[in-house]
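Tertiary structure, described
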Amino acid sequence: MNPQNFFSEVKPGQVVSVSWLNRAARETLERSFPLLWVGGEVSTLTRASSGHVYFTLKDDQAQIRCTMWRSKAQLLPFKLEHGMQVEVRGLVGLYEARGDYQLNVESIRQAGVGNLFEAFLRLKARLQAEGVFDAALKRPLPRYPRALAVITSAQAAAWHDVQAALARRAPHLPIHLYPALVQGPQAPARLIAALNQAGQDAARLGHEVILLVRGGGSLEDLAAFNDEALARAIRACPLPVVVGVGHESDVSIADFAADLRAATPTAAAELVSAGFAELHERLDQLEFRLQRAMQRRVEHAAQRVDRAALRLQHPRARLQQAGERLERLAQRLRQYPARSLERQKSRLATLALRLANRRPDIPQAWHRLADLERRLTRAGQQRVQQHRQHLDALAQHLAHLDPKGVLARGYSITLDAQGQIVRDIQQLAPGSRVALEFHQGRAEARIEALHPDTPKQDSLKP
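Residues numbered from 1 in each chain as written. Predicted model: local features only at pLDDT ≥ 70, side-chain atom pairs only at ≥ 80, totals over all residues. Heavy atoms only, no water.

**Examining the overall build of the protein chain**
As a reminder, the rule being used: Strands here are runs of E lasting at least two residues and helices are runs of H or I lasting at least four, both read from the DSSP assignment and numbered beginning at the N terminus. Both definitions apply: the radius of gyration is a C-alpha atom measure, and the globule rule equals 2.2 Å times residues to the power 0.38. Relative accessibility decides the category of a residue: with a 1.4 Å probe and only protein chains considered, values under 20% of the type maximum give buried, values over 50% give exposed, and everything between is partly exposed. The contact criterion used throughout is that any non-hydrogen atoms of two residues lie within 4.5 Å. Only the protein chains shown count as covering a residue, and every accessible area follows the Shrake-Rupley method with a 1.4 Å probe. Counting rule applied: Lys, Arg positive; Asp, Glu negative; His and chain ends not counted. Taken as the charge centre is NZ of Lys, CZ of Arg, CG of Asp or CD of Glu, depending on the residue.
For the protein chain, the helix and strand inventory stands at 14 helices and 14 strands. A compact globule built from 462 residues should have a C-alpha radius of gyration of about 23 Å, whereas the protein chain, at 65 Å, is more than 25% larger. With the C-alpha coordinates of the protein chain rotated into their principal frame, the extents come out at 165 × 135 × 50 Å. Burial analysis of the protein chain (462 residues in total) assigns 27% to the buried set. Taking all contacts inside the protein chain whose residues are at least 6 apart in sequence as the whole, residues at least 24 apart take part in 57%. Surface exposure of the protein chain reaches about 31900 Å², of which carbon and sulfur atoms provide 54%. The average position of the 63 basic charges and that of the 47 acidic charges among the side chains of the protein chain differ by 15 Å.

The structure is reproduced here in structure tokens:
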């Protein structure tokens, strides 16, 4: 039975199984309730070893069991605790094995965050419609600023991150801190006052860029940077403003209003000092190239000095070298005639040996010629004998085919008046004249009668 047709298929008095009933109830609940948000207090929180999270969501009058699977629970941006006021988004269902009615949770947010986020979206849409976030209003940052103004809490980690980044990339750059609250109801007003003061001090202190930074936090912690008045103050500031609030995933209204948004406070410091960092890198490259060039020049000069020192000799040493060379030449001159005669003798002996090897052996040649003559004579006799035997065989074969030989055995040949051999009786007619040729002699005859069968008596008349 299909649970989807529960009401139409169940007949009065029909008995259904418990599993069928639970399955029908689960499918009815899942079809009847859409994905919805439910608010309440977390109690009886349990984290299973599998990673799934089980808890009860309650208010002062009712409660419901909730299940959040591991794939969803590991995406929570905060740690779920007992007694926490939350808003959960899920589907109403039923655990068939026990018949427990429950809520299958897709996501969880802290109570009140939804309202803050909706207010954030409304403010963002309104300011965007007014053109406060237009890209045409964004001011470029100076490539090499003379000084920086930093607005943040003096005790915040963001201030230390900015100092560390600038000390590493641009240690010569003056930094002026404008301390302000970055969290709480009074934070927006303090931030606006610090922003205005930094703009007024630009001409006196020389800073050309303002950094507005703070560390990460929840949406409530970053509420001061979602203030409309702060966004308008950023746009009204005479200096370019770089905002680096929270972590890379955190986005605030101040980020959209800023001339440049940085993912983190450290990234903000790196952006404003990018020109100096590139300049340092360029200077390091030029310094390395200059050192290499100077080293090559020094090495080349040293090699020239070494070569010149090798060529520079004392006159006495040069005279001694010339005397030694002259003595070697004289010794070679004395040895030359004897060596030349020895080479000529060796060459003559080699030529004589080659001539002896090339001289022909006359007796051996005559002996080889006589042997070839005997072999040629014997081969010619054998060839003549073979041809003679072949001719005798052909003569015998030809004698067997000779008509005279056939006539000698008592046969004759009949010729018609034209001298053609008669092979068939159809070539003759009664009264025809024929010639009979024998082994010895020839006779004339006339045909008296023709018999298709073998004649029993001679029908020829001479």
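Let us keep going from here.
**Some details on the nonpolar core**
The line we're drawing: Here, nonpolar core refers to any group of buried Ala, Val, Leu, Ile, Met, Phe, Trp, Tyr and Cys residues whose side-chain atoms link them within 4.5 Å.
Core analysis: the biggest nonpolar cluster contains 35 residues, and Ile 151, Leu 191, Ile 210, Leu 212, Phe 225 and Ile 234 have the highest contact counts within it. Mapped onto this core, the elements with two or more residues apiece are helix H4 (113-130), strand E6 (148-152), helix H6 (187-200), strand E8 (209-214), helix H8 (228-236), strand E9 (241-245) and helix H9 (253-257). Element by element, the count of residues in this core is highest for H6, at six residues. When near neighbours in sequence (up to four residues on either side) are disregarded, Ile 210 contacts Ala 149, Ile 151, Leu 195, Ala 198, Gly 199, Cys 237, Leu 239, Pro 240, Val 241 and Val 242. Of all hydrophobic cores here, the second largest spans 20 residues; its members include Leu 76, Phe 78, Val 86 and Leu 94.

**As for the sheet that holds strand E5 (residues 100-110)**
Rule in force here: Between any two strands, pairing holds if DSSP finds at least two bridges. Structural elements are reduced to axes, namely lines fitted to C-alpha atoms, with helices fitted over the stretch in contact, and the angle between N-to-C directions of any two is expressed from 0 to 180 degrees.
Spatially, five strands are ordered E1-E2-E3-E5-E4 in a closed barrel, and the strand pairing comes out mixed. Pairwise comparison of adjacent strand axes, ignoring direction, gives a mean angle of 55° for this sheet. Note that strand E1 (residues 36-47) and strand E4 (residues 85-95) share six bridges and pair antiparallel. Note on E4: the bridge partner recorded for Glu 41 is Gln 85.

**Section: the packing of aromatic side chains**
For clarity, the cut-off: Side-chain rings of Phe, Tyr and Trp (the six-membered ring for Trp) are treated as a pair once their centres are within 6.5 Å; stacked means planes under 30 degrees apart, edge-to-face means over 60, and tilted covers the remaining angles. In this analysis the charged atom, NZ for Lys or CZ for Arg, is taken to sit over a ring once it is within 6 Å of the ring centre and within 35 degrees of the ring normal.
Tallying each qualifying case throughout the model produces two aromatic pairs. Ring centres of Phe 133 and Phe 256 lie 5.6 Å apart, and the angle between their planes is 35°; this geometry places the pair in the tilted category. With Phe 133 in the loop between H4 and E6 and Phe 256 in helix H9, this pair connects stretches of sequence that are 123 residues apart. The class of Phe 256 is partly exposed, set by a relative accessible area of 27%. Between Arg 109 and the ring centre of Trp 37, over which it is positioned, the NZ or CZ distance is 3.9 Å.

**Regarding the sheet that holds strand E7 (residues 175-179)**
On the basis of which strands lie adjacent, the open sheet formed by five strands has the order E7-E6-E8-E9-E10 and parallel pairing. Sheet topology places E7 and strand E10 (260-262) at the edges, where each strand pairs with a single neighbour. Each strand axis lies, on average, 20° off the axis of its neighbour in the sheet, ignoring direction. In this sheet, E8 lies alongside E6 in parallel orientation, the contact comprising four bridges. Looking at E8, one finds that Ala 149 is bridged to Ile 210.

**What about the pairing of E8?**
Residues in a regular strand point their side chains to alternate faces of the sheet. Rules: With the strands aimed away from the viewer, a crossover counts as right-handed if its path from the first strand over the helix to the second runs clockwise.
Of all six residues making up E8, six are buried, and the element is well covered by its neighbours. Here E8 shows two buried faces, one formed by Val 209, Leu 211 and Val 213 and the other by Ile 210, Leu 212 and Arg 214. One crossover worth recording links E8 to the parallel E9 by way of H8, and it is right-handed.

**Regarding the environment of Val 251**
Structurally, Val 251 is set in the loop between E9 and H9. Remark: the alpha-carbon pair of Val 251 and Phe 225, spanning 26 residues in sequence, is separated by 9.4 Å. When residues no more than four places from it in sequence are discounted, the contact partners of Val 251 are Phe 120, Asn 226, Phe 256 and Arg 261.

**Side note on the side chain of Asp 255**
Going by this rule: Within 3.5 Å is the distance limit for a polar contact, defined as a pair of N or O atoms, with the added protein rule that one can donate a hydrogen and the other accept it, and that residues adjacent in sequence qualify only through two side-chain atoms.
Inspection of the secondary structure assignment puts Asp 255 in helix H9. On the accessibility criterion, Asp 255 (5% relative accessible area) is buried. Only 2.9 Å separates the side chain of Asp 255 from the backbone nitrogen of Ser 252, close enough to count as a polar contact. Filtering out sequence-adjacent residues up to four positions away, Asp 255 remains in contact with Val 243, Val 245, Asp 250 and Arg 261.

**Some details on the packing of helix H5 (residues 157-169) against helix H10 (residues 265-272)**
Selection criterion: Each helix crossing is assigned a hand: it is left-handed if the near helix lies turned anticlockwise from the far helix by less than a right angle, otherwise right-handed if that turn is clockwise. The nonpolar class holds Ala, Val, Leu, Ile, Met, Phe, Trp, Tyr, Cys and Pro. Asp, Glu, Lys and Arg form the charged class, and all remaining residues, Gly among them, are polar.
Two numbers describe how H5 lies on H10: the axes approach to 8 Å, and their chain directions differ by 35°. Our pair here, H5 against H10, has a crossing hand that is right-handed. Across from Ala 158, Asp 161, Val 162, Ala 165, Leu 166, Arg 168 and Arg 169 in H5, the residues of H10 making contact are Pro 265, Thr 266, Ala 269, Glu 270 and Val 272. Residues that form the contact of H5 with H10 fall into these classes: seven nonpolar, one polar and four charged.

**Focus: the environment of Gln 285**
As for its position among the elements, Gln 285 is in helix H11 (residues 274-311). Among the residues examined, Gln 285 registers a relative accessible area of 39% and is labelled partly exposed. As a C-alpha pair, Gln 285 and Leu 173 span 112 residues in sequence and 22 Å in three-dimensional space.

**Some words on the pattern of salt bridges**
Test applied: One side-chain nitrogen of Lys or Arg within 4 Å of one carboxyl oxygen of Asp or Glu is enough to make a salt bridge.
Counted according to the given criterion, the structure contains 22 salt bridges. In this structure, Arg 26 and Glu 96 form a salt bridge, with 2.4 Å as the shortest nitrogen-oxygen distance. Of this pair, Arg 26 sits in helix H2 (residues 18-32) while Glu 96 is found in the loop between E4 and E5, placing the two residues 70 residues apart along the sequence. With relative accessibility at 28%, the residue Glu 96 sits in the partly exposed group. Between Arg 232 and Glu 228 there is a salt bridge, with its nearest N and O atoms 3.0 Å apart. A residue pair is termed a helical-turn pair when its members lie 3 or 4 positions apart in one helix, as Arg 232 and Glu 228 do in helix H8 at four residues.

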